[in-house]
Amino acid sequence: MRSSYDTLSDNYSITFKTVINANTPPTIWPVAALAIPSNAALNGFILIDHDYLIRSMNLEMSSGFASPFRYNVMLVIGTNAPLITIGQSFSSYLNLAQTGGRNHIANVQQAETVSFVDTPIHVGAFRPISIYISCNTLVNLPMIVSMNLQGERDLVAA
Amino acid sequence: MGSSRQDLTPYTLSFDGVGTAINAVFPAAKLLTTFKLDRALGIVGFQMASSMTVAQAAAQMALFMVVGSSDANINLGQTSNIFAAHLANVNNSGGLVTPANQSTVVIFQDSGIKLPPGNPVSLYGCAANNATEIMFAVLNLYTILIK
């Protein structure tokens, strides 16, 4: 039986827009043309000043696309380095993978949510929770991304 | 609320390629990427995300998460331990090709899957030998250490 309705009181979000474009600087954080899927550029991060338990994480993105490119929006915990290599030093927790179409310009949306009930993700104090994006080409790719975390302060660690 | 506070560790597998690198028409499937555990782990859940651009007049594309096999080629009709599948059919004949994006999340709440050391977790794919077919896939395994 659920014993409490007020424990999910420690929630955090990152929401930003950017443009992956060779000629226009990204609007918020640096984005680079990178070989995917292994390399990824930091696009935003948060630092929480206490130990934290993630009960649910949600990642959403919307972008325009045209030619056949591939990109990946990912949630990574434990680093805010400008560039990382996924699969060697770091694993991701949540991904939105996207390929491009052909002869077709459209808008795409993706979202995914993961809820950990019995095994929350423990994040130590000041351990970065970051959004990385990799893209195999620099095209005029407008994108909006939102990451939302629902959780609670880790009182055991405190 | 659950009371467990055991740390959760993700493992990530990914694949980025075109049909010429896959070249296996359903129900045949080709190994895309795999890893073998060096310790006993419990899988408490996973997320598999994929996007596939299927060319007109090519073949269906498919992605499978398989536990317990790392053979280079398998026949899906004879394979068990498929944990998740993403399927994309051939596009219409209009010439406009829109990618198929999919994401699957499975969380085993009160239990999990015990993976002994050396047991592979793999991604298998199907696609025609066609460079215009594009697949991008990521698998995140959520694991805990078990004894």
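Anything mentioned here points back to the structure above.
Below is a summary of the structure that appears in this document. As the structure is a computational prediction, the values presented were derived from the model and not from experiment.

1. Side note on the overall build of chain B
The secondary structure content of chain B amounts to one helix and ten strands. Dimensions along the principal axes, computed over C-alpha positions, put chain B at roughly 55 × 35 × 25 Å. With 147 residues in all, chain B has 47% of them scored as buried. Within chain B, counting contacts between residues at least 6 apart in sequence, those at least 24 apart form 85% of the total. A total of about 6100 Å² of accessible surface is found on chain B, and carbon and sulfur atoms cover 49% of it. Between the centroid of the 6 positive side chains of chain B and the centroid of its 6 negative side chains there is a distance of 11 Å.

2. A word on the overall build of chain A
Broken down by element type, chain A carries zero helices and ten strands. Overall, chain A shows an N-to-C arrangement of helices and strands of β-β-β-β-β-β-β-β-β-β. Burial status across chain A gives 55% buried among its 158 residues. Of the contacts formed within chain A by residues at least 6 apart in sequence, a portion of 82% connects residues at least 24 apart.

3. Considerations on unusual backbone geometry
With an omega of 15°, the peptide bond running from Phe26 of chain B to Pro27 of chain B counts as cis. Here Pro27 of chain B is to be found in the loop between helix H1 (19-22) and strand S2 (28-36). Even without being a glycine, Phe126 of chain A presents a positive backbone phi close to 60°. Note on placement: Phe126 of chain A falls in the loop between strand S8 (121-123) and strand S9 (129-135).

4. A short note on the sheet that holds strand S9 (residues 120-126) of chain B
Residues and elements named next belong to chain B. Strand order across the open sheet formed by five strands is S5-S2-S9-S4-S6, with antiparallel pairing between neighbours. Each having just a single partner strand, strand S5 (73-75) and strand S6 (82-88) make up the two edges of the open sheet. Sheet twist, expressed as the average angle between the axes of neighbouring strands with direction ignored, equals 25°. Sheet analysis places S2 next to S9, joined by six bridges and oriented antiparallel. Within S9, the residue paired with Leu31 across the bridge is Tyr124.

5. Digging into the pattern of salt bridges
Residues and elements named next belong to chain A. Tallied over the entire structure, the rule returns two salt bridges over all chains. Across the pair Glu152 and Arg55 runs a salt bridge whose closest N-O atoms are separated by 2.6 Å. With a gap of 97 residues between them, Glu152 in strand S10 (residues 141-153) and Arg55 in strand S3 (residues 52-65) connect regions that are remote in the sequence. An identical accessibility class is assigned to Glu152 and Arg55; each is buried.

6. Details of the pairing of strand S10 (residues 134-145) of chain B
All names here are of chain B. Among the twelve residues that make up S10, eleven are buried, leaving the element largely enclosed by the rest of the structure. Where strand S3 (residues 41-53) lies against S10, twelve bridges are found, and the strand directions are antiparallel. If you follow Phe46 over to S10, its bridge partner there is Leu141.

Rules of the game
Residues numbered from 1 in each chain as written. Chains lettered and ligands numbered in written order. Predicted model: local features only at pLDDT ≥ 70, side-chain atom pairs only at ≥ 80, totals over all residues. Heavy atoms only, no water. Helix = DSSP H or I, 4+ residues; strand = E, 2+ residues; numbered from the N terminus. Buried < 20%, exposed > 50% of the residue type's maximum accessible area, 1.4 Å probe, protein only. Contact = heavy atoms within 4.5 Å. Areas by Shrake-Rupley, 256 points an atom, 1.4 Å probe, with all protein chains shown as cover. Lys, Arg positive; Asp, Glu negative; His and termini not counted. Charge placed at Lys NZ, Arg CZ, Asp CG, Glu CD. Pairing = 2+ DSSP bridges. Axes fitted to C-alpha atoms, helices over the stretch in contact; angles between N-to-C directions. Salt bridge = Lys/Arg side-chain N within 4 Å of Asp/Glu carboxyl O.

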